[in-house]
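Notes for the structure review
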Amino acid sequence: MKLTNKVYSYGKQLLDKDDYEAVLDCLKSDYLTQGPAVKKFEDDICKYTGAKYCVAVANGTAALHIAVLALELNPEDEVITSPNTFLASANSILYAGAKAKFADIESNTANINPVEIEKAITPNTKAIIPVHFAGQSCDMERIAQIANKHNLIVIEDAAHAIGSEYKDTKVGSCKYSDMTIFSFHPVKTVTSAEGGAITTNSEELYNKLLALRNHGMHRDGDMVGTWRYEMRELGFNYRMTDMQAALGTTQLAKIAGFKARRREIVEFYNAQLDCEHLIERDDSNACFHLYPILLENRDEFYYKAREIGLNLQVHYIPVHTQPYYQNLGFKIGDYPISEEYYRKTISLPLYPALNNKDVENICTRINNIIYKK
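To keep things clear, this report deals only with the structure shown in the data block. All figures in this text were calculated on a predicted structure; none of them were measured in a lab.

Thresholds, definitions, all that
- Along each chain, residue indices are assigned from 1 in the same order as the chain's sequence is written.
- Reporting in this predicted model follows two pLDDT cut-offs: at least 70 for local features of residues, and 80 or more for side-chain atom pairs to be given and counted; totals over whole chains, interfaces and linings ignore these cut-offs and use all residues.
- Each side-chain value is worked out from all heavy atoms of the structure, with water and hydrogens disregarded.
- Note on conventions: DSSP H or I runs of at least 4 residues are helices, E runs of at least 2 residues are strands, and numbering of each starts at the N terminus.
- Throughout, radius of gyration means the C-alpha value; the globule benchmark is 2.2 Å times the number of residues raised to the power 0.38.
- Exposure categories follow from relative accessible area, calculated using a 1.4 Å probe and restricted to protein chains: below 20% of the type maximum is buried, above 50% is exposed, and the middle band is partly exposed.
- Nine residue types can take part in a nonpolar core, namely buried Ala, Val, Leu, Ile, Met, Phe, Trp, Tyr and Cys, and a core is a set of them joined through side-chain atoms within 4.5 Å.
- Like charges are joined within 9 Å and nonpolar side chains (Val, Leu, Ile, Met, Phe, Trp, Tyr) within 5 Å, but only among residues with over 30% relative accessible area and no salt bridge; these make up the patches.
- The accessible surface values rely on the Shrake-Rupley method and a 1.4 Å probe; as for residues, cover is taken only from the protein chains in view.
- Salt bridges are defined as contacts in which a side-chain nitrogen from Lys or Arg sits within 4 Å of a carboxyl oxygen from Asp or Glu.
- Throughout, an axis means a line fitted to C-alpha atoms (over the contacting stretch in the case of helices), and angles, computed between N-to-C directions, take values from 0 to 180 degrees.
- Orientation labels follow simple angle bins: below 35 degrees gives roughly parallel, above 145 gives roughly antiparallel, 65 to 115 gives roughly perpendicular, and whatever is left gives oblique.
- Each helix crossing is assigned a hand: it is left-handed if the near helix lies turned anticlockwise from the far helix by less than a right angle, otherwise right-handed if that turn is clockwise.
- Residues count as neighbours in contact if any of their non-hydrogen atoms are within 4.5 Å of one another.
- Only Asp, Glu, Lys and Arg are considered charged, only Ala, Val, Leu, Ile, Met, Phe, Trp, Tyr, Cys and Pro nonpolar, and every remaining residue, Gly among them, polar.
- Polar contacts, as counted here, are pairs of nitrogen or oxygen atoms within 3.5 Å of one another; within protein the pair requires one atom able to donate a hydrogen and one able to accept it, and residues that are adjacent in sequence qualify only if both atoms are side-chain atoms.

Quick notes on the overall build of the chain
Within the chain one finds 13 helices and 17 strands. Here the chain has a C-alpha radius of gyration of 21 Å; the compact-globule value for 373 residues is 21 Å, and the two agree. With respect to the principal axes defined by its C-alpha atoms, the chain has extents near 75 × 55 × 35 Å. Expressed as a percentage of the 373 residues in the chain, the buried residues total 55%.

Structure, rendered in structure tokens:
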């Protein structure tokens, strides 16, 4: 096959006329922020996931931040998450004034291992943040059983996983958790340019999240319909704009097609590339966000791929190996499966804008590197 000079990245948004028109209509409306588009987006997320409540926010990190803040943790309290994740999963725990702890991952899914979660629990543990890595749900039934046994809160970090299903239940339904957070960054399955959301089935948590999104302000009782408000906790300006929400709404309407195409590309890679890769569990129907392969010569492969137009990415440098977290007492060697996974992993292009010729081209380039053609 003749190679083109086309350059590919690991992820990219796909926008069309409906998306452009939705944003333009919003720009022409009376509301650029704090208007009806945000509530519409939230309602659509609830309808899609099956959750009772949704709070849209400025980005996925903001979603994590106020989800943990809503737990009202103390400095000695601990929250367990995965070391194989973006910094925000653990940083949100520190933002809330609590202590981050980690549990190592499963080698075949790169998701947090429930066995390791249970080992990490202490009398100070208050919550678990499982991360649905690459779009595949963690073993949430087992994690929920552990949480119930130890009276812990569960916040699903589904930044990668809108559109995914676990045991025939949509990720975000909160069937196995107290809250689920999503990210709508441009490389995610659904984008609102920047944006995030939290779903929950708890009215109490929902009301806390609404206030934390908007400076800790409350309007209730005889304040409704007036200029009056009360600040009852320290909140933040994490509001989503109506323009972002309008884009998110049209993107969400296309999620079935996005998911189908992502799964087609994954199947093509599985068939055409003789590389070690993650497995999909039998109880999973993932809307894949990433397609990582595992290579012994990952670093060499990364630079050779860049030379031929494949701008790939590594997901992720284990959080506990970062200098800031080492200053907190973590050290290299603490979570060996995460560290071994990081040593070999690299994520290939995976986004719906790739056509079949693109995917064939990418596979040819990769095989040329691996087999030194």
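From this point, things continue past the structure.
Some thoughts on the nonpolar core
Residues Val-57, Ile-155, Met-179, Ile-181 and Ile-198 are the most contacted members of the largest nonpolar core, which totals 35 residues. For this core, the leading source of residues is helix H3 (residues 60–69), giving six residues.

A short note on a nonpolar patch on the surface
The grouping of Leu-24, Leu-27 and Leu-32 at the surface amounts to a nonpolar patch, some 250 Å² of accessible area in total. For Leu-32, the position within the fold is in the loop between helix H1 (17–28) and helix H2 (36–49).

Considerations on unusual backbone geometry
The omega angle of the peptide bond from His-315 to Tyr-316 is 5°, so this bond is cis rather than trans. Along the polypeptide, Tyr-316 turns up in the loop between strand S16 (310–311) and helix H11 (323–326). The backbone phi angle of Gln-34 is positive, close to 55°, even though this residue is not glycine. Position of Gln-34 relative to the elements: it lies in the loop between H1 and H2. For Gln-34, a relative accessible area of 52% puts it in the exposed group. The backbone of Asp-168 shows a phi angle near 65°, a positive value even though the residue is not glycine. Summarising the element assignment, Asp-168 is placed in the loop between strand S7 (165–166) and strand S8 (169–170).

Focus on the packing of H1 against helix H8 (residues 242–252)
Two quantities define a packed helix pair, namely the angle between the helix axes and the distance between the axes. For the pair H1 and H8, interaxial distance at closest approach is 8 Å and the crossing angle is 150°. By the angle class used here, H1 and H8 are roughly antiparallel. In this structure, H1 crosses over H8, and the sense of that crossing is right-handed. Residues Asp-18, Asp-19, Ala-22, Val-23, Cys-26 and Leu-27 of H1 form the contact with H8, whose own contacting residues are Asp-242, Met-243, Ala-246, Leu-247, Thr-250 and Gln-251. The residue makeup of the contact of H1 with H8, split by class, is seven nonpolar, two polar and three charged.

Description of the pattern of salt bridges
Pairing between side chains becomes possible if they bear opposite charge and their charged atoms approach one another. Applying the stated criterion to the full structure yields 33 salt bridges. Asp-358 is the partner of Lys-6 in a salt bridge, and the nearest nitrogen-oxygen pair spans 3.0 Å. Taken as a pair, Lys-6 in the segment before strand S1 (8–9) and Asp-358 in helix H13 (residues 356–370) lie far apart in primary sequence, 352 residues in all. Classification of Lys-6 as partly exposed rests on a relative accessible area of 40%. With its nearest N and O atoms 3.7 Å apart, the salt bridge here joins Glu-165 to Lys-170. For Glu-165, a relative accessible area of 18% translates into the label buried. Three or more residues are tied together by salt bridges with common partners; here these are Asp-139, Glu-141, Lys-167, Arg-281 and Asp-283.

Focus: the environment of Asn-201
With respect to the secondary-structure elements, Asn-201 resides in the loop between strand S10 (196–200) and helix H7 (203–213). Along the chain, Asn-201 and Ala-51 lie 150 residues apart, while their C-alpha atoms are 5.8 Å from each other. Asn-201 has contacts with Gly-50, Ala-51, Lys-52, Tyr-53, Ser-173, Cys-174 and Asp-178, leaving out every residue within four places of it along the chain. Only 2.9 Å separates the side chain of Asn-201 from the backbone nitrogen of Lys-52, close enough to count as a polar contact. A distance of 3.0 Å separates a polar atom in the side chain of Asn-201 from the backbone oxygen of Ser-173.

Digging into helix H4 (residues 87–95)
Considered for burial, the residues of H4 that qualify are Ala-88, Ser-89, Ala-90, Asn-91, Ser-92 and Ile-93. Gly-97 sits one or two residues past H4 and shows a positive phi near 85°.

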